[in-house]
Amino acid sequence: MITIRQDLDEISDILRKTFEVEPFKRNYDEAFSMIGGILYRYGISENPRNLRYRFILCMQEFFDGIPQDQWRVKDPAFIRQSEEFAIAKFRDWVIEQIT
């Protein structure tokens, strides 16, 4: 039996694997379709584009919390930090939808 934690970990893995690919070669449609399939198990029927938009809002929350003159968009560690933040926020959103 699959648990919510396993599904959340799978969602995180899907997103992390997507971010490992060069930015212009990433297949966001596929990633968020896979995530949509996971959410469907819980009765959540979301369009993959809506899920992608939700994730973008999570990413934006990271950047909104930092003054723009402190953004280091060419620093891989900073970008990784923003991705991990967004993944954590997205997981929180998923938990809210499930419970």
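Described below are features of the structure shown in this document. None of these values were measured; they are calculated from a predicted model.

1. Some thoughts on the overall build of the chain
In terms of regular secondary structure, the chain is built from 4 helices and 0 strands. Sequence-ordered secondary structure for the chain, helices as α and strands as β, is α-α-α-α. Each principal axis of the C-alpha atoms in the chain carries an extent, and together these give about 45 × 30 × 20 Å. Here the chain holds 99 residues, and the buried ones make up 31% of them. Across the chain, every contact between residues at least 6 apart in sequence was considered, and the portion connecting residues at least 24 apart equals 63%.

2. Brief notes about the nonpolar core
Counting residues in hydrophobic clusters, the biggest one holds 23 residues, and the most contacted among them are Ile11, Leu15, Ile35, Leu39, Phe55 and Phe90. Looking at this core, the elements that each hand over two or more residues are helix H1 (4–20), helix H2 (28–40), helix H3 (48–64) and helix H4 (76–98). Once residues within four sequence positions are removed from consideration, Leu15 is found in contact with Phe32, Ile35, Phe55, Ile87 and Phe90.

3. Considering the pattern of salt bridges
A side chain with one charge may pair with a side chain of the opposite charge, provided their charged atoms come close. Tallied over the full model, the rule gives 8 salt bridges. With its nearest N and O atoms 3.2 Å apart, the salt bridge here joins Asp75 to Arg72. Relative accessible area serves as the criterion here: at 42%, Arg72 is assigned to the partly exposed category. The partner of Glu83 in a salt bridge is Arg80, and the shortest N-O contact between them spans 3.2 Å. With a gap of 3 residues between them, Glu83 and Arg80 both fall in helix H4, about one helical turn apart. Shared partners join several salt bridges into a network, and the residues in it are Arg16, Arg80, Glu83 and Glu84.

Rules of the game
- Residues numbered from 1 in each chain as written.
- Predicted model: local features only at pLDDT ≥ 70, side-chain atom pairs only at ≥ 80, totals over all residues.
- Heavy atoms only, no water.
- Helix = DSSP H or I, 4+ residues; strand = E, 2+ residues; numbered from the N terminus.
- Buried < 20%, exposed > 50% of the residue type's maximum accessible area, 1.4 Å probe, protein only.
- Contact = heavy atoms within 4.5 Å.
- Core = buried A, V, L, I, M, F, W, Y, C linked by side-chain atoms within 4.5 Å.
- Salt bridge = Lys/Arg side-chain N within 4 Å of Asp/Glu carboxyl O.

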